[in-house]
Amino acid sequence: MLLFRFLSRLGGYVTITLPEGCLEKFINLAVSRGVFLWDVTGIGTGRVAMKVRLSGVQALRHVARMTGCRFKIIGRHGLPFLVSRMKRRQAMTAGALIFVAALYVLSSFVWFIEVTGNKLVTDQAVEQVARQAGLKQGVPRWTLDVPTLEETILDQVPGLSWVGVYVEGTRVYIKVVEKKLPPPDETGHPVDVVAVKDGLVKEILVLSGHPEVKEGDTVTSGQVLISAAIPPPVIDEEKEAPDGEDALEPKEQQPLRYVHARGIVRARVWYEGVANMKLMEKGAEITGRETTRFGIKLGSKEIILIGPRKLPFEHYALDIEVKRAPVWRNINLPVELLTVRYYEEKLYTRSYTRDEARRLAGRNVLDSIREQLPEGAKIVNERLEEVETTGSGTVRVRAIVETLEDIGIDKPYQYRGGGSGA
Amino acid sequence: MAWKDLKNRFKRQFSDYLELPGDIMLDLPKIVLVGNLQVFIENHRGIQEYNPQLVRVVVNDKVVEVTGENLTLRNILPDEICVEGQINSLSFYN
């Protein structure tokens, strides 16, 4: 039926009216001639309206002549009539066409350019280069050559490591990724490598600077490991030739040199931790069942709108969310929307044997120590020992973890009187 | 008309025996009512009367009368009529 309606609209149909008196004859004759009629309705005043396809109207004229009733066309619908109306109103048709064409044409230009992802490089710098490469406002989209554009921007804007150009509609996104440069080396200011924590130096590798410790040394936090100050090389010849003038000269020529000290100092570091575990543990855990109550708070009264009146849980935790009207001109509405979420909880008591408690405590303390460890630390040794406690209800476990890690960190050089500080 | 009655009786018994539907064998109308909103009448012989309160449709050798409010003929095809509106009654008479 839908298809039929659609086809009628395509081919065009008219609404005709007939006097009621000769309707039956007319319809029967029309139907027998294969003219399809539909929506026959009385419209009052003794006339009946019906719809017929444009192709049937000619046949209906014969029927009308034979039955002697005249019909009147009161409505025209469908595509053919629309086209003829359009023909009469050419300016409007032209306007509609121009509108569509303008929309199409304008949508094929670039109107917006957005640069994203830059922090240090300015938008202007990127846009400037893009403009020279042929991307600016009002440029037709088909002239854009995305790969060369990306290449040009990458080449000509310093400090970029990747550029992506995306055309989305009339908008062009230039996504850039900046180079991550290492922090500028303050050549003016020398830097030491100092220890961040206590440890026993296992190995030391100096890239630049003067080592202040050697393997096997115990160092404390803050101690200089690799000094920025490099003393002049001790030349044995100096001693062999105790010529007063000559001996002084090389010292003057080679004073302390200051550098940015670099190097890796691996040391054994010990971590210690203690954990207690009760043999009898009490607590509450969330079961996963929850219910939500939604209500209005009027002053001190609370009205529950949605949700159970009586809570189905014995023990629960709750989470209250309050929504209130924004305060305006000191008028504070005493109305709040409350959403309260109840999470059911189950109380539990667990008892452990001494062995279990010891194992659990050990696991906890080791976990907490592992969290403290810096990246790259290698665990060499783990040791657990039980500590005697006075109370019989708890088990206390101490853990000692030995790691091998780089303990050096950069610190600006400070003058330490003795120069090399050794 | 005794001969025609006899013929009709024979046809009816024959179709009953073979369980053939009556609308094919005996050329009877098939009327489908959808609530009181629509009535489809198949196998009709034309319209006898139409106004928004009353529609009469000729079938085989009888007339089907549909009464109601705001009746419209939604479709008129050579073998099917669809009447729409608020239907109050449907009756047959000779």
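Everything quoted here is computed from the prediction, not taken from an experiment.

Participant: Go over the environment of I174(A) with me, naming the residues and quoting the values.
Facilitator: All names here are of chain A. By the element assignment, I174 lies in strand 7 (residues 171-178). Classification of I174 as buried rests on a relative accessible area of 0%. On a C-alpha basis, the gap between I174 and N118 in space is 9.8 Å, while along the polypeptide they are 56 residues apart. Not counting the four nearest positions on each side in its chain, I174 is found in contact with I113, E114, V115, T116, V126, A130, L135, I153, V163, G164 and V165.

Participant: Lay out the sheet that holds strand 5 (residues 112-116) of chain A in plain terms, naming residues and giving numbers.
Facilitator: All names here are of chain A. With mixed pairing, the 3 strands of this open sheet are ordered in space as 5-7-6. Only two strands of the sheet have a single partner each, and these edge strands are strand 5 and strand 6 (160-168). Between one strand axis and the next, the sheet turns by 15 degrees as a mean value, whatever way the strands run. The strands that helix 6 (residues 123-132) touches are strand 5 and strand 7; relative to strand 5, the one it contacts most, it runs at about 130 degrees. Sitting on the sheet, helix 7 (residues 146-156) touches strand 6 and strand 7, and the angle it makes with strand 6 is about 150 degrees.

Participant: Lay out the layout of surface pockets in plain terms, naming residues and giving numbers.
Facilitator: Estimated volume of the largest pocket: approximately 460 Å³. In terms of residue count, helix 1 (residues 2-18) of chain B provides more of the lining of the largest pocket than any other element does, 7 residues in total. For the lining of the largest pocket, the per-class residue count stands at 6 nonpolar, 2 polar and 9 charged. Taken as a whole, the second largest pocket encloses approximately 190 Å³ of empty space. Every residue along the wall of the second largest pocket is listed here: G117(A), K119(A), L120(A), V121(A), G159(A), V177(A), E178(A), K179(A), K180(A) and L181(A). Taken together, the residues of the lining of the second largest pocket sort by class into 4 nonpolar, 2 polar and 4 charged.

Participant: Which residues make up a nonpolar patch on the surface, and what are the values?
Facilitator: Together, L3(A), F6(A), L7(A), L10(A), L79(A), L82(A), V83(A), M86(A) and M92(A) line one region of the surface with nonpolar side chains, adding up to about 810 Å² of accessible area. If you list the elements that add at least two residues to the nonpolar patch, you get helix 1 (2-11) and helix 4 (79-88) of chain A.

Participant: I'd like to hear about unusual backbone geometry, residue by residue, with values.
Facilitator: Look at T45(A): it is not a glycine, yet its phi comes out positive at around 50 degrees. Locating T45(A) in the fold gives a position in the loop between strand 2 (37-42) and strand 3 (47-53). The class of T45(A) is exposed, set by a relative accessible area of 77%. Of note in this structure, N43(B) is not a glycine but carries a positive phi near 65 degrees. With respect to the helices and strands, N43(B) occurs in the loop between strand 2 (38-42) and strand 3 (44-51).

Rules used in this analysis
Residues numbered from 1 in each chain as written. Chains lettered and ligands numbered in written order. Predicted model: local features only at pLDDT ≥ 70, side-chain atom pairs only at ≥ 80, totals over all residues. Heavy atoms only, no water. Helix = DSSP H or I, 4+ residues; strand = E, 2+ residues; numbered from the N terminus. Buried < 20%, exposed > 50% of the residue type's maximum accessible area, 1.4 Å probe, protein only. Contact = heavy atoms within 4.5 Å. Pairing = 2+ DSSP bridges. Axes fitted to C-alpha atoms, helices over the stretch in contact; angles between N-to-C directions. 1 Å grid on protein atoms, 1.4 Å probe; cavity = no way out; pocket = protein on both sides within 12 Å on 5 of 7 lines; lining within 4 Å. Points joined across faces, edges and corners; volume = space filled by probe spheres on them. Nonpolar A, V, L, I, M, F, W, Y, C, P; charged D, E, K, R; others polar. Patch = residues over 30% accessible without salt bridge, like charges linked within 9 Å, V, L, I, M, F, W, Y side chains within 5 Å. Areas by Shrake-Rupley, 256 points an atom, 1.4 Å probe, with all protein chains shown as cover. Salt bridge = Lys/Arg side-chain N within 4 Å of Asp/Glu carboxyl O.

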